[in-house]
Amino acid sequence: MNKYTISGSPHVHSTENTRKIMYRVLLALVPALLVAIYYFGWYALRLTIVTVAACMLTEWLIQKFLIKGPLTINDGSAALTGVLLAFNVPANLPIWMAIVGSIVAIGIGKMAFGGLGKNPFNPALVGRVFMLVSFPTAMTTWPQAAPIFDKGFFTDAVTGPTPLGILKEAGVGTLAEAGNMQFLDMVLGNRGGAFGEVCAIALLLGAIYLICRKIIDIATPLSILLTVFIFTGICHLIDPTQYIAPWYHLVYGGLLLGAFFMATDMVTSPMTIRGKILFGFGIGFITVVIRLWGAYPEGVSFAILIMNALTPLINKAFKPQVFGVVKPSKK
Amino acid sequence: MNPIKTFLKGGVHPEENKLSADLPIQDFPMPKQIIVPLGQCLGAPADCIVNKGDHVLTGQLIGTAKGFISANVHSPATGTVAKIDVVMDHTGYYKPAVFIDVEPDQWAEGIIETDKLLTDIKLDSKQIIDKVKECGIVGMGGATFPTHVKLMVPEGKKAEYVIINAAECEPYLTCDYRLLLEKTQEFLMGVKILMKAVNTDKGIIGIETNKMKAIELLDKTINEHKDLYAGIEVQPLKTKYPQGGEKQIIKAITGREVPSGKLPIETGCVVVNVASTYAVYEAVQKNKPLIERIVTVTGKSVKKPGNFRVRFGTPADLLIEAAGGLPEGITDVINGGPMMGKSVSVTNFPCIKGTSGILLMTLNEAQDRRQTNCIRCGRCAMACPMGLQPFLLHKVAKQNNFDETESNHIMDCIECGSCEFTCPANIPLLDYIRYGKAKTGAIIRARNQK
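Criteria and cut-off values
Throughout this description, residue numbers start from 1 for each chain and increase along the sequence as written. The naming scheme follows written order: chains are lettered A onward, ligands numbered 1 onward. Local features in a predicted model are, by the rule used here, given only for residues with pLDDT of at least 70; side-chain atom pairs are given and counted only at 80 or more, and totals for whole chains, interfaces and linings are based on all residues. What marks off one domain from the next here is an automatic or database domain assignment. The contact criterion used is a C-beta to C-beta distance within 7 Å, with each C-beta placed from the backbone. Note on conventions: DSSP H or I runs of at least 4 residues are helices, E runs of at least 2 residues are strands, and numbering of each starts at the N terminus. The nonpolar class holds Ala, Val, Leu, Ile, Met, Phe, Trp, Tyr, Cys and Pro. Asp, Glu, Lys and Arg form the charged class, and all remaining residues, Gly among them, are polar. For this analysis, nonpolar core means a set of buried Ala, Val, Leu, Ile, Met, Phe, Trp, Tyr and Cys residues linked through C-beta atoms within 7 Å. Between the buried cut of 20 or more and the exposed cut of 12 or fewer other C-beta atoms within 10 Å of a residue's own C-beta lies the partly exposed class, and all C-beta atoms are placed from the backbone. By definition, two strands form a pair when at least two bridges between them are found by DSSP. Working convention: axes come from line fits to C-alpha atoms, limited for helices to the stretch in contact. Angles between N-to-C directions cover 0 to 180 degrees. By definition in this entry, angles of less than 35 degrees are roughly parallel, angles greater than 145 are roughly antiparallel, angles of 65 to 115 are roughly perpendicular, and the rest are oblique. When the near helix sits turned anticlockwise from the far one by under a right angle, the crossing is termed left-handed; a clockwise turn instead gives a right-handed crossing.

Quick word on the domain arrangement of chain A
Residues and elements named next belong to chain A.
Phase 1: Per the domain assignment, the segments of chain A are domain 1 (19–139) and domain 2 (165–317).
Phase 2: Computed over C-alpha atoms only, the centres of domain 1 and domain 2 are separated by 21 Å.
Phase 3: Counting residues at the interface gives 28 residues for domain 1, matched by 29 residues for domain 2.
Phase 4: Breaking the side of domain 1 that touches domain 2 down by element, the ones donating at least two residues are helix 1 (18–40), helix 3 (77–87) and helix 5 (123–134).
Phase 5: If one sorts the elements of the side of domain 1 that touches domain 2 by residue count, helix 1 sits on top with eleven residues.
Phase 6: Class assignment of the residues belonging to the side of domain 1 that touches domain 2 gives a composition of 22 nonpolar, four polar and two charged.

Notes on the nonpolar core
Taken as a class, soluble globular proteins show a tendency for nonpolar side chains to be buried jointly.
Phase 1: In terms of nonpolar packing, the biggest core is built from 141 residues, with B:V162, B:I163 and B:L319 touching the most fellow members.
Phase 2: Each residue touching B:L319, except ones within four places of it in the same chain, is listed here: B:F28, B:V295, B:V297, B:F308, B:V310, B:T314 and B:I358.
Phase 3: One finds A:M56, A:A145, A:I216 and A:A219 within the second-largest nonpolar core, a separate group that totals 90 residues.

Digging into the sheet that holds strand 10 (residues 203–208) of chain B
Residue and element names in this part refer to chain B.
Phase 1: One open sheet holds the four strands; their spatial order is 11-10-9-12, and the pairing between them is parallel. Both outer strands of the open sheet, strand 11 (232–237) and strand 12 (269–273), are each paired with one neighbouring strand and no more. With direction set aside, neighbouring strand axes in the sheet form an average angle of 25°.
Phase 2: Sheet analysis places strand 9 (residues 161–166) next to strand 12, joined by five bridges and oriented parallel. When the sheet's bridge partners are listed, N165 is paired in strand 12 with N273.

Structural notes on the packing of helix 3 of chain A against helix 5 of chain A
Each packed pair of helices is defined by two parameters, the angle between the axes and the distance between the axes.
Residues and elements named next belong to chain A.
Phase 1: Here helix 3 crosses helix 5 at 40°, and the two axes come no closer than 8 Å. In terms of axis orientation, helix 3 runs oblique to helix 5. In terms of crossing hand, the pair formed by helix 3 and helix 5 is right-handed. On helix 5, the residues touching T81, L84 and L85 of helix 3 are P123, A124, G127 and R128.
Phase 2: Residue composition of the contact of helix 3 with helix 5, grouped by class: four nonpolar, two polar and one charged.

Shown next, in the form of structure tokens:
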């Protein structure tokens, strides 16, 4: 007799879904990928294809044969992990290492915790840090950017240190000699480094799209960038010969990629605005400490992973203000 | 026009779909038999005072209120009581009802039948409230809380504003909007009566800006009759759901927050719905009890959507028939709007005091999709107009952890559905929150009784 659906309200739903969110983030990363192909040629494209395929295959195999649950391979989240993983490594990384990194990212970083939404750490960063400690030489041998029109699509790139590497090893003076203080080149991406992180303009383009689409909240990246800018700015004012100007810190290394695309990962970041601001401050602070005084030239990955671990605590501490509930006043 | 105001915390923007906004109210013909449920309001159902075979007149009392939160029920038609039996109403439960075989209208004694505007308010505050109670007026936005209870300002409190909730933030529904356009003066007199009832000189009508025609018409009418409608103001509100939530509209208009667990009168506001305000006018000035209302019959695939003036007890399937019949592929029949309405399993449920609309939707529109994992995006918390964390309430309610539901303010949830609307993982958040609320509420009541 009951021919009609009985369900609780609401009976309408926004058209947003997880899949659309993931695909929009992927779309936002396309400009950075195009720039990467322009500077690093075939190697960038090859590596991205390999990690995406390896991540998706790992997830599929685990869901099919270990968990034996529903297959959610087309929700775009594994592909996104693959792209972010590729963006964080040198373009000429041996293929097999990239595959190992992908398996760790998805297998340990994500599926071991129960899959999408349940992982405490950003899977791509888990994979990257695993590779960094397992294959330290390969992971720190950076190809230099060189437009494909000059050197050809398939040509092997010349390797060399990244600006942050030079800064760590040799200091500000050498950095200027090496031509790494041409701000325009830095913004366009004409430098050594992980291929997804080099071009600030392409990353910002994608970030603006995500912010307009309300997929990421500006609070986290803004808090990270401001913290880095102010912190390194103070150091620069104290001793300009030892500490480089703050705007270089913003475009060097993986800060923009991390701030806009990895720290904003919904699963592993706090939910409230105040929580996001504290989270961003933590990432910015740890990044600068590692960059200026740590053993590694770059610290964004570690900073994000450390703050990921604190996210549940931040969520507990910063709950939204409940309507009609007055905070007990301090006496 | 006053500057636009809004509540700030949370909110969503569902598609408005006000398909029947430009269609005038039509009088719906009386059916052969009407089925009048005795429980038409929040609280206890009325006691039946007629027997099988009795002859009743239109507007005659047939059920008396039982208890404090309850409302009288009057006969919506003239005729003979065929039987007193149960009927499945919109909640899906069988409820006692009076079945009346309809004859041509013959009004009960004392009811003034005129279309002329009666501007002279003869009753005083106490008499108005008694009249509202006698005429069985309830909140006609859907919650059906007895209006006279709202008007009885408790000792030590003062009503500063009468706020008329004309936001009509529910998508699809247009019954209040049409009433504002077609019965403007009667409505404004209703506001005046309410202001007199609670002894205040400030009446504010809150309307969303997607109803500009109503805002302009009300502004114009008030300006033309400055003396008659002194103290009444129109406040445009941003089109944002749930602007018409009682606590949200108070916050938007006065900036005051109803304290958690307290009633709106704490902020000095009495909030009344448009249709109820019109009913107050009819009751106080014409002695006419609440026996009819405007019902919007709508849906994207409905051939002739419309706004009908319907006597209570009219079966909904007749209204659907008048709107061009049941379209192909309808899977959801909803009593009310899409955000807070209740889905029903049959189409022949009787229209009652809280039936603001009948909405027909296909599977595609209702968007029943597969649930995926929570990705902790926090959109539900951003959308919650009460500042709650729906993802957390959902989780702890599912675990039957009622200490956590209580400490996370589950009882403050207004069940607006913004969280579930916005969830990209399609998690039935509100279903679990309702469950948690019911359980937590029972625990709190049991504890208070000790």
